[in-house]
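# What the coordinates show
Okay, here's what each chain looks like letter by letter:
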Amino acid sequence: SFEGRVEVYHDGKWGTICDDQWDDRDAEVVCRQLGLSGNPKALSWAHYGQGSGPILLDEVECSGNELSLDQCKKSDWGQQNCDHIEDAGVSCDPFTGTDLQLYANQMRPVSHSLIRGLAQQIAPLLQDPVLAGGRSPSEGRVEVYYNGDWGTVCDDGWTDLGAQVICRQLGFR
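The chain appears in an unreviewed UniProt entry as NETR protein from Nyctibius bracteatus.

Take the confidence of the model for the chain next. Per-chain confidence: the chain averages 74 in pLDDT, with 73% of residues scoring 70 or above. The low-confidence segment residues 96-126 (pLDDT under 50) makes 95 contacts with residues lying over four places distant or belonging to another chain.

Our next topic: the sheet that holds strand β5 (residues 55-57). Read across the open sheet, the three strands follow the order β2-β3-β5; overall the sheet is mixed. With one partner strand each, in any of the chains shown, β2 (7-10) and β5 form the two edges of the open sheet. Adjacent strand axes in the sheet meet at a mean angle of 55 degrees when their direction is disregarded. Strand direction decides the pairing type here: strand β3 (residues 13-17) and β5, joined by two bridges, are parallel. The residue of β5 that forms the bridge with Thr-16 is Ile-55.

One can find Asp-19 in the loop between β3 and α1 (24-33). This buried residue, Asp-19, is left without a salt bridge; Arg-5 holds the nearest opposite charge, at 12 Å. Apart from the residues lying within four places of it in its own chain, the contact partners of Asp-19 are Ser-44, Trp-45, Glu-86 and Ala-88.

With that out of the way, let us pick up helix α3 (residues 160-169). Residues Gly-162, Val-165, Ile-166, Arg-168 and Gln-169 constitute the buried set of α3. Each buried residue of α3 lies within a common arc of 165 degrees when the element is viewed along its axis, so the set occupies one face.

So, on to the state of the cysteines. With the rule as written, the count across this model stands at three disulfides. Here Cys-18 pairs with Cys-82 through a disulfide, and the sulfurs are 1.9 Å apart. Between Cys-18 and Cys-82, the S-S torsion sits near -80 degrees, and that sign places the bridge as left-handed. In this pair, Cys-18 sits in the loop between β3 and α1 while Cys-82 sits in the loop between β5 and β6 (89-93), placing the two residues 64 residues apart along the sequence. Given the relative accessible area of 0%, Cys-18 is considered buried. The class of Cys-82 is buried, set by a relative accessible area of 11%. The disulfide bridge from Cys-31 ends at Cys-92, spanning 2.0 Å between sulfur atoms. Its S-S torsion of about -90 degrees marks the bond between Cys-31 and Cys-92 as left-handed, since a negative value means left-handed. Of the two residues, Cys-31 sits in helix α1 while Cys-92 sits in strand β6, which places them 61 residues apart along the sequence. This pair shows no difference in class: Cys-31 is buried, exactly as Cys-92 is.

A few words now on the packing of aromatic side chains. Evaluated as defined, the whole model comprises one aromatic pair. Here the aromatic rings of Tyr-9 and Trp-14 are separated by 5.1 Å at their centres, their planes lie at 55 degrees, and the arrangement is tilted. Here Tyr-9 and Trp-14 have matching classes, each one buried.

Turning next to the environment of Gly-51. Looking at the secondary structure, you find Gly-51 in the loop between β4 (39-43) and β5. Assessed through its relative accessible area of 13%, Gly-51 is described here as buried. Each residue touching Gly-51, except ones within four places of it in the same chain, is listed here: Arg-5, Glu-7, Thr-16, His-84 and Asp-87.

Moving on: the pattern of salt bridges. Under the defined criterion, the tally for this structure stands at four salt bridges. When the shortest N-O distance is used, the salt bridge between Glu-28 and Arg-32 registers 3.3 Å. With a gap of four residues between them, Glu-28 and Arg-32 both fall in helix α1, about one helical turn apart. What makes Glu-28 partly exposed here is its relative accessible area of 31%. Glu-61 is the salt-bridge partner of Lys-73, the closest N and O atoms lying 3.7 Å from each other. You can see Lys-73 sitting in the loop between β5 and β6 and its partner Glu-61 sitting in the loop between β5 and β6, a full 12 residues away along the chain. Given the relative accessible area of 57%, Lys-73 is considered exposed.

Definitions and limits used
- Residues numbered from 1 in each chain as written.
- Predicted model: local features only at pLDDT ≥ 70, side-chain atom pairs only at ≥ 80, totals over all residues.
- Heavy atoms only, no water.
- pLDDT = per-residue confidence, 0-100.
- Contact = heavy atoms within 4.5 Å.
- Pairing = 2+ DSSP bridges.
- Helix = DSSP H or I, 4+ residues; strand = E, 2+ residues; numbered from the N terminus.
- Axes fitted to C-alpha atoms, helices over the stretch in contact; angles between N-to-C directions.
- Buried < 20%, exposed > 50% of the residue type's maximum accessible area, 1.4 Å probe, protein only.
- Lys, Arg positive; Asp, Glu negative; His and termini not counted.
- Salt bridge = Lys/Arg side-chain N within 4 Å of Asp/Glu carboxyl O.
- Arc of directions from axis to C-beta.
- Disulfide = S-S within 2.5 Å.
- Phe/Tyr/Trp six-rings, centres within 6.5 Å; stacked < 30°, edge-to-face > 60°.

Structure representation (structure tokens):
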């Protein structure tokens, strides 16, 4: 499955999200922002372990229709009254709901509010995509490193949402 503690990148730092007001609508937005579909489920009380460093967000209240956490109602960055025992988590399980923890440092920071953490199965696929064959560094064929080899991504089911995820990973807005 695709689940773990949610961390965001803001102002040069990675940090966690407090679980105050955290619910399945927030999880739906997180899963969407990661480009994952399935049955979004919010988990609280540091279900996937306590993070370290700052707690960057609190009182997140998404409607469930937003494209990213940036668009949700939330406290100001860094304004919180929580401890890491309240770190928020999500499950974006497209399959059966079996546990597989996300690893918090599989993705590099690329935007002020990019969620980090991908399931162990897909982290190598999305860890370091590159654009090849384009006329500029901001366009081209998506290539990924997986299982010791570079390869392309099939366009079956490819949507603008997938392109947005890759662009965010590469540091484009």
